[in-house]
Amino acid sequence: MGIKSPYVVFGYGSLIFKPPPHVKSQAPGFLKGYVRRFAQKSHDHRGTPENPGRVVTLVHKVDWDNFSSSDAFPDDDVAAFRPTPCTGIAYTIDPLYESEVRDYLDYREKDGYTLETLDIHTIEDGVEKVIIHNCYVGRPDNPSFLGSEPLDALADRIWRSVGPSGRNKDYLYQLAASVKQLAPASHDSHLFALEVRQ
């Protein structure tokens, strides 16, 4: 009987500043071939069904190119360690609480996200390493996925939206601050451009 792989979740949005429970260890990491964009409607956290806010989702770059007509920065993102558009944190969950954390995250990320298994890249002792992990992705075919919006309209929506989890603009500010702290050498053009428009 093989050894079961640890349950690892990659946080690239609110999971960076509001981690899941029962984290056994964590490590900074990055994804290749994906972009982090405010391309997802939020009906249940940072907005309401009548006035949905906007939250980030992870989209494969190939898919994003089909939706990026309004994206002012389609290819500009540079992350720490390697040119790639998405830095985040890999959380290894205590195996005793794996089922509980899976249920918690499935509920927290229920509004249009799908759990997928992807490769996260980390740097250990100067060497790049790949960890198999789980990530909640906003697929283009889900009902909450929006694609790109003009930055000024997107910023205005974020500024005005409020939901059960608080003001949408606070989500933006917390994410921008967390990404800067996590990877000072990175530059997420999309995220930081929205931050200064508020």
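It should be noted that the structure appears before, not after, this text.
Quick summary incoming for the structure in this document. Keep in mind that what you see is a predicted model, and the values were worked out from it rather than measured.

Quick word on the pattern of salt bridges
Link 1 in the chain: Taken as a whole, this structure holds nine salt bridges when the rule is applied.
Link 2 in the chain: Note that Lys32 is salt-bridged to Glu128, the shortest N-O span being 2.9 Å. Of the two residues, Lys32 sits in the loop between β2 (23–31) and β3 (34–42) while Glu128 sits in strand β7 (residues 127–137), which places them 96 residues apart along the sequence.
Link 3 in the chain: On the accessibility criterion, Glu128 (27% relative accessible area) is partly exposed.
Link 4 in the chain: In this structure, Arg102 engages Glu98 in a salt bridge whose closest nitrogen and oxygen atoms are separated by 2.9 Å. With Arg102 and Glu98 both in helix α3 (residues 98–108) and four residues apart, this pair spans about one turn of that helix.
Link 5 in the chain: For Glu98, a relative accessible area of 10% gives the class buried.

Brief notes about unusual backbone geometry
Note: most peptide bonds trans; most residues except glycine with negative phi.
Link 1 in the chain: Here the phi dihedral of His22 falls at roughly 60 degrees; this positive angle occurs in a residue that is not glycine.
Link 2 in the chain: With respect to the helices and strands, His22 occurs in the loop between α1 (14–17) and β2.

Section: the packing of aromatic side chains
Link 1 in the chain: Summed over all chains, the structure comprises two aromatic pairs.
Link 2 in the chain: Taking the centre distance of 6.0 Å and the plane angle of 75 degrees together, the rings of Phe17 and Tyr171 count as edge-to-face. Of this pair, Phe17 sits in helix α1 while Tyr171 sits in helix α5 (residues 168–182), and the two are 154 residues apart along the sequence.
Link 3 in the chain: Relative accessible area serves as the criterion here: at 22%, Phe17 is assigned to the partly exposed category.
Link 4 in the chain: Given a relative accessible area of 5%, Tyr171 falls into the buried group.
Link 5 in the chain: Geometrically, the ring pair formed by Phe38 and Tyr171 is edge-to-face, given 5.8 Å between the ring centres and 85 degrees between the ring planes. Taken as a pair, Phe38 in strand β3 and Tyr171 in helix α5 lie far apart in primary sequence, 133 residues in all.
Link 6 in the chain: These aromatic residues form a ring-pair network of at least three members: Phe17, Phe38 and Tyr171.
Link 7 in the chain: Stacked on the ring of Trp159, the Lys or Arg Lys169 has its end atom at 3.4 Å from the ring centre.
Link 8 in the chain: Over the aromatic face of Phe192 sits the side chain of Lys180, whose NZ or CZ is 4.9 Å from the ring centroid.

Some details on the layout of surface pockets
Link 1 in the chain: There is about 180 Å³ of room inside the second largest pocket.
Link 2 in the chain: In this structure, the second largest pocket is lined by 13 residues; those nearest its centre are Gln26, Ala27, Thr122, Glu124 and Ile131.
Link 3 in the chain: Those elements giving two or more residues to the lining of the second largest pocket turn out to be β2, β5 (86–93) and β6 (114–124).
Link 4 in the chain: Looking at the lining of the second largest pocket residue by residue, the classes come out as eight nonpolar, four polar and one charged.

A look at the pairing of strand β1 (residues 8–11)
Link 1 in the chain: Across the two faces of β1 the burial is the same, with Val8 and Phe10 and Val9 and Gly11 all buried.
Link 2 in the chain: Pairing of β1 with β5, which is carried by four bridges, proceeds in the antiparallel orientation. The partner of Phe10 across the bridge, within β5, is Ala90.

So, the packing of helix α4 (residues 151–160) against helix α6 (residues 189–197)
Link 1 in the chain: Interaxial distance between α4 and α6 falls to 9 Å at its minimum, and their mutual angle equals 65 degrees. Between α4 and α6 lies a crossing of right-handed hand. Touching Leu151, Asp152, Leu154, Ala155 and Ile158 of α4 are His190, Ala193, Leu194 and Arg197, all from α6.
Link 2 in the chain: Across the contact of α4 with α6, the residue classes break down as six nonpolar, one polar and two charged.

The rules behind each value
- Residues numbered from 1 in each chain as written.
- Predicted model: local features only at pLDDT ≥ 70, side-chain atom pairs only at ≥ 80, totals over all residues.
- Heavy atoms only, no water.
- Salt bridge = Lys/Arg side-chain N within 4 Å of Asp/Glu carboxyl O.
- Helix = DSSP H or I, 4+ residues; strand = E, 2+ residues; numbered from the N terminus.
- Buried < 20%, exposed > 50% of the residue type's maximum accessible area, 1.4 Å probe, protein only.
- Phe/Tyr/Trp six-rings, centres within 6.5 Å; stacked < 30°, edge-to-face > 60°.
- Lys NZ or Arg CZ within 6 Å of the ring centre and 35° of its normal.
- 1 Å grid on protein atoms, 1.4 Å probe; cavity = no way out; pocket = protein on both sides within 12 Å on 5 of 7 lines; lining within 4 Å.
- Points joined across faces, edges and corners; volume = space filled by probe spheres on them.
- Nonpolar A, V, L, I, M, F, W, Y, C, P; charged D, E, K, R; others polar.
- Pairing = 2+ DSSP bridges.
- Axes fitted to C-alpha atoms, helices over the stretch in contact; angles between N-to-C directions.
- Left-handed = near helix turned anticlockwise from the far one by under 90°.
- Contact = heavy atoms within 4.5 Å.

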